[in-house]
Amino acid sequence: MPVCHGSGVQAILEEFDEYLALERGRSEHTRRAYLGDLRSLFDFLAQRSSDTGLGSLSLPVLRSWLSSQAQAGAARSTLARRTSAVKTFTAWAVRRGLLAEDPASRLQMPKARRTLPAVLRQDQAIDAMDAAKSGAQQGDPLALRDRLIVEMLYATGIRVSELCGLDIDDVDTSRQLLRVLGKGNKQRTVPYGEPALIALAAWLSDGRPQLATTVSGAALLVGARGGRLDPRQARTVVHQTMAAVNEAPDIGPHGLRHSAATHLLEGGADLRVVQELLGHSSLATTQLYTHVSVARLRAVHDQAHPRA
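Residues numbered from 1 in each chain as written. Predicted model: local features only at pLDDT ≥ 70, side-chain atom pairs only at ≥ 80, totals over all residues. Heavy atoms only, no water.

Right, let's talk about the overall build of the protein chain for a bit. A count of helices and strands for the protein chain gives 13 helices and three strands. Within the protein chain, the fraction of its 308 residues that count as buried is 42%. Across the protein chain, the fraction of contacts at a sequence separation of at least 24, relative to all contacts at a separation of at least 6, is 57%. For the protein chain, the accessible area works out to roughly 16,600 Å², and carbon and sulfur atoms hold 50% of it. (Helix = DSSP H or I, 4+ residues; strand = E, 2+ residues; numbered from the N terminus. Buried < 20%, exposed > 50% of the residue type's maximum accessible area, 1.4 Å probe, protein only. Contact = heavy atoms within 4.5 Å. Areas by Shrake-Rupley, 256 points an atom, 1.4 Å probe, with all protein chains shown as cover.)

On to helix α2 (residues 28-48). Its 21 residues give α2 an end-to-end C-alpha distance of 31 Å, which sits within 8% of 30 Å, the value for a rise of 1.5 Å per residue. Buried within α2 we find Ala33, Tyr34, Leu35, Asp37, Leu38, Ser40, Leu41, Phe42, Asp43, Phe44 and Leu45. (Expected span 1.5 Å × (residues − 1).)

Of the two faces of strand β3 (residues 187-191), the one holding Arg188 and Val190 is buried and the one holding Gln187, Thr189 and Pro191 is not buried anywhere. Here strand β2 (residues 177-181) hands over to β3 after five residues, with Gly184 in that stretch at a positive phi of 70°. (Pairing = 2+ DSSP bridges.)

With antiparallel pairing, three strands are arranged side by side in an open sheet as β1-β2-β3. Looking along the sheet, the strands with just one partner apiece sit at the ends: β1 (171-172) and β3. Bridge analysis of β2 against β3 gives five bridges, and the strand direction is antiparallel. From the neighbouring strand, Leu181 faces β3, where its bridge partner is Gln187.

With that out of the way, let us pick up unusual backbone geometry. The residue Gln176 is not glycine, and still its phi comes out positive at about 55°. Tracing the backbone shows Gln176 in the loop between β1 and β2. Residues other than glycine seldom take positive phi values, yet Glu247 does so here, at roughly 65°. Topologically, Glu247 is positioned in the loop between α9 (231-243) and α10 (253-266).

So, about helix α11 (residues 271-278). Every buried residue belonging to α11 is among Val274, Gln275, Leu277 and Leu278, and all of these are buried. Seen end-on, α11 carries its buried residues on one side only, within an arc spanning 165°. The opening residue of α11 is Asp270, an N-cap whose side-chain oxygen sits 2.8 Å from the backbone nitrogen of Arg272. Positioned one or two residues after α11, Gly279 has a phi angle of 80°, which is positive. (Arc of directions from axis to C-beta. Polar contact = N/O pair within 3.5 Å; in protein donor to acceptor, adjacent residues only side chain to side chain.)

The following block contains the structure:
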C-alpha cells in the first residue's frame, strides 16, 4: 500500500518534474514514469524508517531498494529506468543544494536486454493494410480513421504517440510529408506513400468532419467524441487489425514501426536513412531495432563481394 509522502518531499518532486519538463525536455510519459519510480523509492524509505527525507538517501539504501524491486520480479528494463530516474534526481538535488553529495553517483545501472518485437512478413503487412481498407469501404468515419492509423504507422514507421500528436497542419499533402515532433522535442520530416495519402484524403473528406467537435482543435486524429485520439485507442485498432490477418503475430504500433524499418532495410535502404526516419539519436539503437533477413544479407554479399 503506497505511503503518503510528506509535503516537503512532494514539493521537491513537483519541482523536479518541472525541471524534467522545462530544462530536460522529457516527455509526459517519461516524467510520469520517473515520478512513479521516485515515489516507490520514498515508499520504501517510509517502510524502513520514520525518516523519509532526502538526507536518508544513501548508496546502500538505493541498492537495497533496487534489490527489492528485482526480487519482486521487476524486469531489467524497469530496473534500468528506475536507476536512471534516481541518478537524474540525486544529481539535480545536489545542484539545487538539497543534498550535500550524490548518493547515486556510484550506483550501477543494470543493462537492459534489448528484445526485438515480432515483425510482419511483407505479404502479411500487405494483408493487414487490405484488412484495414476493407473495413473502411462502407464509409464509417471510425473505420476510415482506423485505416489511416494502420496505413500511416506502417508507411512512416513513426511512434504511436507521434501519430496521435499530429495536427492537420503537420501534414503536407502536396509533398506527402509529415512534420513529426519526437522524443526530446526533436522535430523531423517523414515521407509517406500513395496508399497512406489515399487513406488520409478519405479521412479528411469523409471521416473527420463527422467526428470533429469544438474540442477537436487542430488534431489530425480524433476519437468517437471528438477529442484527440489517445495512443491506447490506436494500439487497440492495430491489434484488432492484426487479428484479421492469417498467421500474423499479435503486434501493436511498435511492431508496425519495426516492420516498416525492417522492410526498408530489406529493400536496400541505408541504415542512416532509417535512423533519420525513425528519429533515433544513436545509430546503435537503429541497429538493434532493425534486423535484416539472412536472405537479404546473402543477396547483398553475393552481389557485392568479389569472392562471393
